[in-house]
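# What the coordinates show
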Amino acid sequence: QLFDPGLMHAYQFRITQVANGVTTTGTCGVSYTDEVYQGVPAKHLVMSLDAAAAGQGSGQMVVDVYTSAADNRTLGGHMSMTSNGQKIIDMDIPADQASTYYSNDYASSGEANSGLTLTAVGTDPDPIVVNGKSYTCTKYTYVEEGITYTVWYNPQVPVPVKETYTDNNGALNTIELLSWS
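Here goes a summary of the coordinates provided. It should be emphasised that the depicted structure is a prediction, and the values quoted were computed from it without experimental measurement.

### Things to note about the nonpolar core
Core analysis: the largest hydrophobic core is formed by 28 residues, its most contacted members being Tyr-11, Val-30, Met-47, Val-63, Val-159 and Leu-177. For this core, the secondary structure elements donating two or more residues are β1 (10–19), β2 (22–37), β3 (40–53), β4 (57–68), β8 (126–130), β9 (133–144), β10 (147–153) and β12 (172–180). Ranked by residues supplied to this core, first place goes to β10 with four residues.

Dropping the structure here:
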């Protein structure tokens, strides 16, 4: 199981993409809390994504969603997006439509934990440093929708420590864990 949301309240990754000679960097942070939303016990998920491309500006997206603790149905939420300091989206998320807006939170998606066949790569563990602490990781590969992913995993960490893949457009993507709690 690559993701175990039951063992964390938040995580943050650095995302780097190199495509057509342009490097885009950003951070993606996700937090989970148990709250009451409009009188209903709920899981509260906040996902923020900040990105900047050399010479092409920057942007931010924040998705704030409440789902029922009893049956995971969407209760409501909000999404905002800015580009180069200008707000381009500022909207409420209607009940039962949130999955459209936060499917990139791999830890809360069923895809993160099901149907993956992990293949170990090599026999030597790889040390990866997160927040000054070194984790000894096992390197695996898996294939999803024709794309081969390489992931570094440590059973003491509830999310992958690092992941790399080249997408269908030839862009190299690297996702590195910055923190989790």
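From this point on, the discussion continues.
### With respect to the side chain of His-44
For His-44, the position within the fold is in strand β3. Owing to a relative accessible area of 10%, His-44 belongs among the buried residues under this scheme. Polar side-chain contacts of His-44 include one of 2.9 Å to the side chain of Glu-35.

### Thoughts on the pattern of salt bridges
Inspection of the entire model under this criterion finds two salt bridges. Linking Arg-14 and Glu-176 is a salt bridge whose minimum nitrogen-to-oxygen distance equals 3.4 Å. Here Arg-14, found in strand β1, pairs with Glu-176, found in strand β12; they are 162 residues apart in sequence, far enough to count as distant. Here Asp-71 and Arg-73 are joined by a salt bridge, their closest N and O atoms 3.3 Å apart. Under the relative-accessibility criterion, Asp-71 is labelled partly exposed at 46%.

Conventions and cut-offs
- Residues numbered from 1 in each chain as written.
- Predicted model: local features only at pLDDT ≥ 70, side-chain atom pairs only at ≥ 80, totals over all residues.
- Heavy atoms only, no water.
- Core = buried A, V, L, I, M, F, W, Y, C linked by side-chain atoms within 4.5 Å.
- Buried < 20%, exposed > 50% of the residue type's maximum accessible area, 1.4 Å probe, protein only.
- Helix = DSSP H or I, 4+ residues; strand = E, 2+ residues; numbered from the N terminus.
- Polar contact = N/O pair within 3.5 Å; in protein donor to acceptor, adjacent residues only side chain to side chain.
- Salt bridge = Lys/Arg side-chain N within 4 Å of Asp/Glu carboxyl O.

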